[in-house]
Amino acid sequence: MEKEKNLKQIAEINQMARFGAEIIISKIGVSSIGNRLFLRKDNILNEEWYQKHVINHLEFFSSEEGLEDTIKILKELFSLEFSKNYERENIQNIKKEENLRIVLQKERLYRDKIKYPRIPLKIWKESMQISFEITITPYIGKVCSYEKKSLKTVFSGKEEVFYYIFSKEEYLSRGFYEIISNLEQIDNVSWYKEIYDIIIKEVVEGRKVSQIFESLLLVQTISSIDQRLDIIKNLENNRLMKKRWKSQSRCERVIYPQWDQVIKLLVKFFTPILEGVLKGEIFIGDWMPQIGRYLN
């Protein structure tokens, strides 16, 4: 009996978090900054993920240019907890069947400038509440390739809401830029996992990756870039990186592939891209995941 009660409560929390995430994406999508924010990962929006995880975090990419204004507008989409607007919305929402509301957490607002700005939120429903966070990852340059995607929300009866996301080529280019810029000092090793997940499943246009990566180097060059791929190869046996890799896997509660396997495939994928850029040539070739190499 107690086990059934706990399982039911977990299901309710998961559903509540799902509604909250959908409402947040919907609010952003119809706002003036909807086309400034690119959802980092949308695999968390599928039914299978909802059933196994509590969604308490969304991450978006946003341009470094005008970032403060973007953050300001994003915060204004939600009422501050215990403010007059919050009390008014609270009274209005009581009349609604779902009685779900999302507010800024006043006590957790971050006043210091940090590398990855965070917006602390709280999802309320009757006596239940979930802490939620939006993280913003700033990016350099202009986005060359993206997709506008739709999500059929459950909270509003399958109504479609729209969001933006980097194309796979844009994501791979920017991920490689992060990896080769920061090497073992990279903030988040999940870049490696996310790149690996794309290139083991997706056909990729090497030309696009080459062009986008070159455009990033024009915005901000990387010193000794010709030597850095060899450094990445050597990370295969780096104890600290292996430890961070395992730690990230435990943190996300996801089974990660072997670290050396990931490094070998990334090097194989990016070597012709980097060689072409260094020669001032555009690499032409399509990556075929079935055979793990490019076809020209």
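That block above? That's the structure.
This structure is a prediction, so every number in the text was calculated from the model and none was measured.

*Asks:* If you had to explain the overall build of the protein to someone new, which residues and values would you point to?
*Replies:* Within the protein one finds 10 helices and 11 strands. Per-residue burial over the protein gives 47% buried out of 296 residues.

*Asks:* Requested: an account of the pattern of salt bridges, with residues and values cited.
*Replies:* Should their charged atoms come close, side chains of opposite charge can pair. In the structure shown here, the tally under the stated rule is 14 salt bridges. Between K41 and E194 there is a salt bridge, with its nearest N and O atoms 3.7 Å apart. Of this pair, K41 sits in the loop between β1 (38-39) and α2 (47-52) while E194 sits in helix α6 (residues 190-199), placing them 153 residues apart in sequence. Overall, K41 belongs to the partly exposed group, its relative accessible area being 32%.

*Asks:* Give me the pairing of strand β6 (residues 128-139): which residues, what numbers.
*Replies:* Within β6, 9 of the 12 residues are buried, which leaves it mostly tucked inside the rest of the structure. Bridge analysis of strand β2 (residues 57-63) against β6 gives 7 bridges, and the strand direction is parallel. Looking across to β6, one finds that F60 is bridged to I136. Inspection of the sheet shows strand β5 (residues 118-125) paired to β6 by 8 bridges, in the antiparallel sense. When the bridges of β6 are listed, P120 appears paired with E133. Counted along the chain from β5 to the antiparallel partner β6, the turn is 2 residues long, and its residue E126 has a positive phi close to 50°.

*Asks:* Before we move on, could you go through helix α9 (residues 239-252) and cite the residues and values that matter?
*Replies:* Three- or four-residue spacings in an α-helix give side chains the same orientation, since the helix completes a turn every 3.6 residues. Taking 1.5 Å of rise per residue, the 14 residues of α9 would be expected to cover 20 Å, and the 20 Å separating its terminal C-alpha atoms lies within 8% of that figure. Restricting attention to buried positions, one finds in α9 the residues M241, W245, Q248 and S249. Summarising the axial view, the buried residues of α9 lie within an arc of 100°, below the 170-degree limit, and thus occupy one face. Turned more than 90 degrees away from the buried face of α9, the exposed residues are R239, L240, K243, K246, R250 and C251. Packed against the buried residues of α9 are α6 and α10 (259-278).

*Asks:* Give a detailed account of the environment of V219, specifying residues and quantitative values.
*Replies:* Take V219: it is sitting in helix α7 (residues 206-219). For the pair formed by V219 and K142, sequence separation is 77 residues and the distance between their alpha carbons is 9.3 Å.

*Asks:* Can you lay out empty space enclosed by the protein for me, pointing to particular residues and giving the numbers?
*Replies:* Under the defined criterion, the tally for this structure stands at 2 cavities of 30 Å³ or more. Considered as a void within the structure, the largest cavity measures approximately 40 Å³ in volume. Along the walls of the largest cavity sit I25, I28, G29, G34, L37, F60, F162, Y163 and Y164, which together make up its complete lining. Counting only elements with at least two residues in the lining of the largest cavity, the list comes to α1 (2-29) and β8 (160-166). Lining the second largest cavity are F176, I179, L229, I232, L266, V267 and F270. Residue assignment for the lining of the second largest cavity shows that the elements contributing at least two residues are α5 (168-182), α8 (225-234) and α10. At 3 residues, α10 tops the list of elements feeding residues into the lining of the second largest cavity. When its residues are assigned to classes, the lining of the second largest cavity shows 7 nonpolar, no polar and no charged.

What counts and what doesn't
Residues numbered from 1 in each chain as written. Predicted model: local features only at pLDDT ≥ 70, side-chain atom pairs only at ≥ 80, totals over all residues. Heavy atoms only, no water. Helix = DSSP H or I, 4+ residues; strand = E, 2+ residues; numbered from the N terminus. Buried < 20%, exposed > 50% of the residue type's maximum accessible area, 1.4 Å probe, protein only. Salt bridge = Lys/Arg side-chain N within 4 Å of Asp/Glu carboxyl O. Pairing = 2+ DSSP bridges. Expected span 1.5 Å × (residues − 1). Arc of directions from axis to C-beta. Contact = heavy atoms within 4.5 Å. 1 Å grid on protein atoms, 1.4 Å probe; cavity = no way out; pocket = protein on both sides within 12 Å on 5 of 7 lines; lining within 4 Å. Points joined across faces, edges and corners; volume = space filled by probe spheres on them. Nonpolar A, V, L, I, M, F, W, Y, C, P; charged D, E, K, R; others polar.

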